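# Tertiary structure, described
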Amino acid sequence: MNTHKVLIAALLVPLGATLALAPAASAVTPPAPIAASASASAFAAPPVGPEEAVAAAFRSPEAALGRVAHPLRTTEPRGGLADLRPFGRMVGDARVVGLGEASHSSHEFFTVKHRILRYLVEEKGFRAFALEAPWSTGLRLDAYLVRGEGDLKQIMDEEFQGTYRWWNNAEYRNLFQWIRAYNVEHPKDPVRFVGDDGGFAGAELYDKVNAYAAAARPDLAPQLTELYRGLRPATDAETYVNDYLSKPMAERKELAERTGRAVDLLEQRPGTDADAHAWAVQHATAIHQMTTLFAFDWDDPQSIPDLMLYRDRIMAENVAWWQQQTGDKIMLAAHNGHIALKTYIPGAYPRVQGDFLRERLGGGYLSVGLTFDHGSFNAFGSDGGVHRFTVGPATPGTAEHTLDRVRYRDFVVDLRNAPAAARAWLAAPHTVKNIGATYPGIADAPQIRLSESYDVVIHLQRVEAARMLK
């Protein structure tokens, strides 16, 4: 297996690691002069007169944002939630709220998501948590959270392998334990779990499709058995994916064609129970999503944009399907680059999940970017091992440098209602931290326009590396 496959065979990798495979043309360009000058103007020498000095201060983007920002009491999940009421007003009637992260493994990004999930569940009627994890992982975790099936530690150890290992942390374990406790107290109105990614298709999916066919359309069972021949996993996820990606390209394409025929077969011959049929088709679709992803040529850099376009599209489709099928309002957790309204790196990522969700749901989707000034995180190093990295304070000209000079340490701000003095700055390109599964990567510091990328930003001054469990 060559270098490309070694990097991505440990299940599909989140944003940062895949971008390390992108063509050199997608590498980050140096910060544009407008970014540096916009930030520098905020700290230029004030006019001589005190009234002019005050006026100039209010014209700076950080001062203007400070007038509409709302401080966070804490990033920890426990305690009162009154400080999140302004955020609730920002959410409004959104049916899906995407919460990002500037790194994949920092404590505060996970705990602030836990805290916001509590608020959205208790105060806004949200009933599902979606994560950048396989659909089959979602089914298994959902069964535990709703009905207590299985052991949480075992599920996390077995499902969060490869690059999904970043979710096997103490912070998410605490979040899952909170959901389970909530569901025990509210058995008729539970909080569900959704895995929206396509990097693995667990045995549960094949079993559910086959069980549906046996009960509702026994005439289809032999055909489905043949179409799925050799696909149902019999090993752990990481081994399965490594073995799958070692298959010849022709075989991978033939497997994708077979799983596509299985979806068509189910769609064309429904049973009498429309709901059961819809779920069976979705499970079969998740199988087909995995085989289609693995039918791309991972060794050809020119195929990466098409592959990434497909991946983000199916993640959006899975979230939208759940929302429309169940009616649940969903909090979606993923990297900033996935939940954004516009791609960070057009060359490698033509469109992203948030873009697709906005297209499908309109104002029913809210994009919330999470940024930080300095701190630490876990990531794969250049040697392929997991390491803890630390980055210092943001440099002048970057988005975080200005955000960290807003009057509050940690805060949430609605970019849609920003004062005029901040709008030009928000609309200008600024470098941002973009730390994925691998560090350093060639897309760690892309330039984005905040007002085009997010509806809301939560900025944290400092983060620490998450506590990995395995």
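Predicted, not measured: the structure shown is a model, and the values here were computed from it. (Residues numbered from 1 in each chain as written. Predicted model: local features only at pLDDT ≥ 70, side-chain atom pairs only at ≥ 80, totals over all residues. Heavy atoms only, no water.)

## Thoughts on the overall build of the protein chain
The test is simple: Comment: elements are numbered from the N terminus, with helices defined as DSSP H or I runs of at least four residues and strands as E runs of at least two. Only protein chains enter the area calculation, which uses a 1.4 Å probe; residues under 20% of their type maximum are buried, those over 50% are exposed, and those in between are partly exposed. Here a residue-residue contact requires only that any non-hydrogen atoms of the pair lie within 4.5 Å.
Regarding its fold elements, the protein chain presents 21 helices and 11 strands. Considering the protein chain as a whole, with its 470 residues, one finds that 59% of them fall into the buried category. Long-range pairs, those at least 24 residues apart, make up 79% of the contacts in the protein chain between residues at least 6 apart in sequence.

## A short note on the environment of Q353
Checked against the element boundaries, Q353 lands in helix α18 (residues 353-361). Once the C-alpha coordinates of Q353 and G98 are considered, the two residues, 255 residues apart in sequence, prove to be 9.5 Å apart. Beyond its immediate chain neighbours, meaning those up to four positions away, Q353 contacts D196, D312, M315, A316, V319, L332, A334 and H338.

## Notes on the nonpolar core
Rules: Note on terminology: a nonpolar core comprises buried Ala, Val, Leu, Ile, Met, Phe, Trp, Tyr and Cys residues joined through side-chain atoms within 4.5 Å.
Formed by 84 residues in total, the largest nonpolar core has its most connected members in L65, W135, L224, Y228, L357, L450 and Y454. Among the elements that make up this core, the one with the highest residue count is helix α16 (residues 304-326) (10 residues). What L65 contacts, discounting residues up to four positions off in sequence, is L403, V406, V413, A418, A422, W425 and L426. Judged by nonpolar contacts, the second largest core, of 59 residues, contains A94, F110, I155 and A466.

## Quick look at helix α13 (residues 237-245)
An α-helix turns once per 3.6 residues; consequently, residues spaced three or four apart project the same way. The cut-off we apply is this: The directions considered for the arc are those from the helix axis to the C-beta atoms. Polar contacts here mean pairs of N or O atoms no more than 3.5 Å apart (in protein, one a potential hydrogen donor and the other a potential acceptor; neighbouring residues in sequence count only if both atoms are side-chain atoms).
If you check which residues of α13 are buried, you get A237, Y240, V241, Y244 and L245. Seen end-on, α13 carries its buried residues on one side only, within an arc spanning 120 degrees. Two or three places before E238, at the opening of α13, D236 has a side-chain oxygen 3.2 Å from that residue's backbone nitrogen.

## A word on unusual backbone geometry
With omega at -5 degrees, the peptide bond leading from Y439 into P440 counts as cis. Relative to the assigned elements, P440 resides in the loop between β9 (430-431) and β10 (447-448).

## Things to note about the side chain of R115
With respect to the element layout, R115 can be found in helix α7 (residues 107-124). Side-chain polar atoms of R115 contact the backbone oxygen of E76, separated by 3.3 Å.

## So, the confidence of the model for the protein chain
What counts is decided by this rule: Every residue carries a pLDDT, the predictor's confidence in it, which falls somewhere between 0 and 100.
This prediction gives the protein chain a mean pLDDT of 89; 88% of its residues lie at or above 70. Confidence over residues 1-58 falls short of pLDDT 50; this stretch has 117 contacts with residues more than four positions distant or in other chains.

## Section: the packing of α16 against α18
Applicable threshold: Interaxial angle, 0 to 180 degrees, is taken between N-to-C directions of lines fitted to C-alpha atoms, where a helix line uses only the stretch in contact. Each angle receives one of four descriptions, namely roughly parallel if under 35 degrees, roughly antiparallel if over 145, roughly perpendicular if within 65 to 115, and oblique otherwise. Crossing chirality is assigned from the near helix's rotation relative to the far helix, an anticlockwise turn below a right angle marking it left-handed and a clockwise turn marking it right-handed. Throughout this entry, Asp, Glu, Lys and Arg are counted as charged residues, while Ala, Val, Leu, Ile, Met, Phe, Trp, Tyr, Cys and Pro are counted as nonpolar. The remaining residues, Gly among them, count as polar.
Viewed as axis vectors pointing N to C, α16 and α18 meet at an angle of 40 degrees, and their least axial separation amounts to 8 Å. As the angle between them shows, α16 and α18 are arranged oblique. By crossing handedness, the relation of α16 to α18 is classed as right-handed. On the side of α16, the interface is formed by L309, D312, R313, M315, A316, E317, V319, A320 and Q324, while α18 contributes Q353, F356, L357, R360 and L361. A class-by-class count of the residues in the contact of α16 with α18 yields 8 nonpolar, 2 polar and 4 charged.

## A closer look at the pairing of strand β6 (residues 365-380)
Condition: Strands are labelled as partners when DSSP assigns at least two bridges between them.
Of all 16 residues making up β6, 16 are buried, and the element is well covered by its neighbours. Pairing of strand β2 (residues 96-99) with β6 involves 4 bridges; the strand directions are parallel. Among the inter-strand pairings, L99 is bridged to a residue of β6, identified as V368. Pairing of β6 with strand β11 (residues 456-463) involves 7 bridges; the strand directions are parallel. Looking at β11, one finds that F372 is bridged to L460. Direction of pairing for β6 relative to strand β7 (residues 386-391): antiparallel, over a ladder of 6 bridges. Across the sheet, F377 pairs through a bridge with F389, a residue of β7. Between the end of β6 and the start of β7, which pair antiparallel, lie 5 residues, with G384 showing a positive phi angle near 85 degrees.

## Examining the packing of aromatic side chains
The condition that has to hold: A pair of aromatic rings is counted whenever rings of Phe, Tyr or Trp (Trp by its six-membered ring) have centres within 6.5 Å, and the orientation is called stacked for planes under 30 degrees apart, edge-to-face for over 60 and tilted otherwise.
Tallied over the full model, the rule gives 24 aromatic pairs. Look at W135 and W322: their rings are 6.0 Å apart centre to centre, the planes differ by 70 degrees, and that puts the pair in the edge-to-face class. Highlighted residues: W135 in helix α8 (residues 135-147) and W322 in helix α16, separated in sequence by 187 residues. By relative accessible area, which is 1% here, W135 ends up buried. With relative accessibility at 2%, the residue W322 sits in the buried group. Consider the rings of W178 and Y182, whose centres lie 5.5 Å apart with planes at 35 degrees: the pair is tilted. With a gap of 4 residues between them, W178 and Y182 both fall in helix α10 (residues 170-185), about one helical turn apart. With respect to class, W178 is no different from Y182; both count as buried.

## Some details on the environment of E254
Position of E254 among the secondary structure elements: in helix α14 (residues 249-268). The spacing of E254 and T291 is 37 residues in sequence and 9.3 Å in space, taken between C-alpha atoms.

## Quick notes on the side chain of N434
As for its position among the elements, N434 is in the loop between β9 and β10. For N434, a relative accessible area of 1% puts it in the buried group. At a separation of 2.7 Å, a polar atom in the side chain of N434 contacts the main-chain carbonyl oxygen of A443.

## Digging into the pairing of β11
For β11, a buried count of 6 out of 8 residues is recorded, marking the element as mostly surrounded by other parts of the structure. Across 4 bridges, the pairing between strand β8 (residues 411-414) and β11 is antiparallel. The partner of V413 across the bridge, within β11, is V457.

## Remarks on the pattern of salt bridges
The condition that has to hold: A pair is scored as a salt bridge if a Lys or Arg side-chain nitrogen falls within 4 Å of a carboxyl oxygen belonging to Asp or Glu.
Under the defined criterion, the tally for this structure stands at 27 salt bridges. Between D207 and R232 there is a salt bridge; the shortest N-O distance is 2.9 Å. One end of the pair, D207, is in helix α11 (residues 203-216); the other, R232, is in the loop between α12 (221-227) and α13, and 25 residues separate them in sequence. We classify D207 as partly exposed; its relative accessible area is 36%. Residue E452 is joined to K342 by a salt bridge in which the shortest nitrogen-to-oxygen separation is 3.0 Å. Within this pair, whereas E452 is found in helix α21 (residues 450-453), its partner K342 is found in the loop between α17 (336-339) and α18, the two being separated by 110 residues in sequence.

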